[in-house]
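# Secondary and tertiary structure notes
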Amino acid sequence: MPDVDPAWLPPGVFRALGTRRTLIRGSGRLVETVHGEAAEACARFGGRVVRDSGPGDTTDDLVLELTGSDGSDGSEAFTYEREGGLTTVTASGQAGLLHGFFHVVRLGEDAFRGERARETHCPAVALRMVDHWDNVAVHPVMGQVERGYAGGSLFWADGRARGETERVPAYGRLLAACGINAVAVNNVNVHESEAHLLTDRIGEVAEIAGALRPYGIRTHLSVSFAAPVLLGGLSTADPLDASVRAWWAEATERVYESVEDFGGFVVKADSEGQPGPFAYGRSHADGANMLAAALAPHGGTVHWRAFVYDHRQDWRDRTTDRARAAHDHFTPLDGEFAANAVLQVKHGPLDFQVREPVSPLIGAMPGTRLAVEVQATQEYTGQQRHVCWLGPMWSEVLRFRPEGEGGACVGELARGGLVAVSNVGDDPFWTGHPLAQANLYTFGRLAWQPDADPDSVLDEWIRLTFGPEETSDPVRLRGGLHAVLDGSWRTYEKYTAPLGVGFMVQPGHHYGPSVDGYEYSPWGTYHFADRDGIGVDRSAATGTGYAAQYVKPWAEVYESPATCPDELLLFFHHVSYDHVLHSGKTVIQHIYDTHFEGVTEVEQAREVWASLADLVGPARHARVAERYEEQLRSAREWRDQVNSYFFRKSGVPDAHGRRIY
Ligand code: GCU
C-alpha cells in the first residue's frame, strides 16, 4: 500500500482474522479481493486461508461462502453467524461477501467468541455515494478541488488523470470497508476539461473505474448539460431535440464500451451558472429523462441535482426566498421522472450550513426517487481546520420524519441513495485534518444503516483507527477522542452563526466570520439584523411562506416562534433581541453565552488533545495540535465579531459583563 495513512484499516485490525484459519468458497473478482485481503492478513499474523475445500473439512474458524451460482446477482446482503466455534458469512452476491468480510474485520476478536444466531445484514440504502468536486485542471478560483481542504485531487493533477496505481485502490478499500459503493470522480461544476471526460477522455475515467472496481465501487461522472454543443458541435442541447437525444445515446454507449459497469451521470443544471433545460423552455424532468433514456439500456442512473435557485437575487427584494426554490421548482414535476432518474436533494434548503431544517422537498415527492446529499467536505463547518464531527447532524437529518411520528424518516425516503460531497484529497492523512477521517467513515456507516447510533459509529472508528497496535493506551485515547469529537459539531455551532440563521461567513472562500459578508449580495442568504432584532420571517402568515412547504406537524411547529425549536428560530422568524427562547434566555443573551462557551469548549478540547501526545504518532499529533491553534484563533475571531456586532446593533450589554468590543 502507498505511503498514506491506513486510516481505519491499520494492519492491527486484521489480527483476529489473520491468526485464524479461513475457508473461502466461491469465485469472481470481489471474491479474489476478499481472498487477497485474508491472505495478506494471514501472511502477517500466521493464519491460513484455503479455497473451496469440501464440506468435510472442519478445521476452519471462519467460512466466507458465496452461495449464488456466480455471485453476480448484485446483492450486497450477507448473513453472519457463529455456531460450534465456527464463524460463517454467506452471501449470494460477491459484493455481499466483501461487505461480510469487512464486518468480520470490524468485529475483530468478537467475531470469534461465543455463539451468535444467524443475522442478515443488508444495506438500507442501495446507493451510497461519494461525490468528488475535483477539477481535472486547476481552476483559477477554486483550485484543484472545489471546496477541497485536503490537498490536491486523488484522481487528477496537472490537467489529467494522475495514473497513480496505489492511492486510488487504497481509497477504494477504505470506502468499501465503511460501506460506500459509488464514487463520482469530477466536479459538478463541469469546466472544459471535465466535459471532455465524457467523450475523448473517457479512458482516464476507465482507469479510475478499474482501480475502484475490485472494491465493489462503481464510477459515476458529472457531465455538462451543454455537452452536445460543447463536445458534439450541435447547435442546441434541447432535451426534446432528436439529434440531441441521439448524441447522448451514442456518447453514453461509448462510455459503456470503456467502463462496463459505469454507474451513471451526475448533473448540476440551471444552477449557479451551469447550463440546463430552462434555456430551451423545457422542464427539469425533460432534461433528466433525456439522460435517463440514454443510460437505461446499460443499467445506469442519472443523479439530477435539485440545487436550483436564483443566484442573482436583488437583496432588496424580500419576496424571493432562496430556501423555497427547490420545493417550488421540483414538486410540480413529481411523478414525471423516469425510473432511473434520481433527484439529488441537499439535506437542507440552503447550503450545508451548520444548522438548517431538513429540506421540505424530502417527503414531498412520493412519485420520485430521491437521493439526499450531505457535505463531508467542511465548507461551512471549519474547512478541516476545525474539528467538527458531523455524525450527530447527519443522524438527526436521517431520523427526521417529514410527516411526523408514524411517517417515514429521511433515511427511508432516500430511495435513490445517500450521497456525501467528498472531504478527501491527496493529503497523506487523506482529509487534511486527521480527525476529519471520522466524517467519511461515519457517512459510510450511516448510509448503510441510517438509524445507526452515531456515537457507536464514532466509537467503532476510534477502535479501528487506534487499536492496541497503534497506541499504548487505547482506553485513555478513546476517552480523549470522544471528549474532543462527540460535541464538536455543537461547539462549532455555538461560536458561529446563531440559532439557525446561517452564513455570516467571508464571501467566496467561506472561511471565518463576516457577519454582513452576504447581507447585500445577490446570493439570497440574509440575516436581516437591525437595531431591534434578527432573523428571516419564513412564516406563512407574515413571511415568505416557506414554513408552509412542510406538511403537518412541521408546518405548524415552524410557523410560530412559540413552537419553533430554538436552534432554528432565526431560520424561520425575525424576532427582537429580547425575545425569550424556550431555554429561558433572551436571543441576545443566548448569542453572547454560546459564543463565549464555544471558545471555552475549543480551549478545553485543545488541552485534551495536548494530553494525548504520548498516545498517537508524532506527525498525527502535531498536525491536529497545529490545527487546534488555528481553530482557537478562528473561534475567538468569530466570538468577538459576532458578539460585538450584535452588541453594537442592539445596545444590550452582556448580563455577565464579559468583554465585548
Ligand atoms: C455551494 C458551494 C459551491 C458548489 C455548490 C453546489 O454553493 O459553495 O462551491 O458548487 O454548493 O453544491 O453545487
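None of these values were measured; they are calculated from a predicted model.

We now examine the overall build of the protein. When helices and strands are counted, the protein shows 20 helices and 20 strands. Expected size for 661 residues packed as a compact globule is a radius of gyration near 26 Å; at 25 Å, the protein falls within 12% of this value. The C-alpha extent of the protein, read off along each of the three principal axes, is 80 × 65 × 50 Å. Burial statistics for the protein: of 661 residues in total, 62% are counted as buried. Here the protein has roughly 23,700 Å² of accessible surface; of this, 50% comes from carbon and sulfur atoms. The average position of the 60 basic charges and that of the 89 acidic charges among the side chains of the protein differ by 3 Å.

Close contacts around the ligand come from 14 residues, with Glu-146, Lys-268, Arg-305, Lys-346 and Glu-379 the closest. Side-chain polar atom of Glu-272 to an oxygen atom of the ligand: 3.2 Å apart, as the coordinates give it. Between Lys-346 and the ligand, the recorded distance is 2.6 Å, taken from a side-chain N or O atom to an oxygen atom. In isolation the ligand has 320 Å² of accessible area, and contact with the protein removes 96% of it.

This part covers the sheet that holds strand S1 (residues 21-25). Read across the sheet, six strands follow the order S2-S1-S3-S5-S4-S6 without closing on themselves; strand pairing throughout is mixed. Looking at which strands have only one partner, the edges of the open sheet turn out to be strand S2 (48-51) and strand S6 (116-121). Averaged over neighbouring strand pairs, the angle between their axes works out to 15° when direction is ignored. Sheet topology note: the S1/S2 ladder contains four bridges and is parallel. Directly across from Leu-23, in S2, lies its bridge partner Val-50. On top of the sheet, helix H2 (residues 29-45) reaches S1, S2 and strand S3 (62-66); it is set at about 150° to S2, its chief contact.

The next thing to look at is the packing of aromatic side chains. The geometry of two aromatic rings is summed up by the distance between their centres and the angle between their planes. Scanning all chains against the criterion turns up 29 aromatic pairs. What links up through ring pairs into an aromatic cluster is the set Phe-400, Tyr-546, Tyr-550, Trp-554, Tyr-558, Phe-571 and Phe-572. Positioned over the ring face of Tyr-546 is Arg-538, at 6.0 Å from the centre of the ring.

About the cut-offs
Residues numbered from 1 in each chain as written. Predicted model: local features only at pLDDT ≥ 70, side-chain atom pairs only at ≥ 80, totals over all residues. Heavy atoms only, no water. Helix = DSSP H or I, 4+ residues; strand = E, 2+ residues; numbered from the N terminus. Rg over C-alpha atoms; globule rule 2.2 N^0.38 Å. Buried < 20%, exposed > 50% of the residue type's maximum accessible area, 1.4 Å probe, protein only. Areas by Shrake-Rupley, 256 points an atom, 1.4 Å probe, with all protein chains shown as cover. Lys, Arg positive; Asp, Glu negative; His and termini not counted. Charge placed at Lys NZ, Arg CZ, Asp CG, Glu CD. Near = heavy atom within 4 Å. Polar contact = N/O pair within 3.5 Å; in protein donor to acceptor, adjacent residues only side chain to side chain. Pairing = 2+ DSSP bridges. Axes fitted to C-alpha atoms, helices over the stretch in contact; angles between N-to-C directions. Contact = heavy atoms within 4.5 Å. Phe/Tyr/Trp six-rings, centres within 6.5 Å; stacked < 30°, edge-to-face > 60°. Lys NZ or Arg CZ within 6 Å of the ring centre and 35° of its normal.

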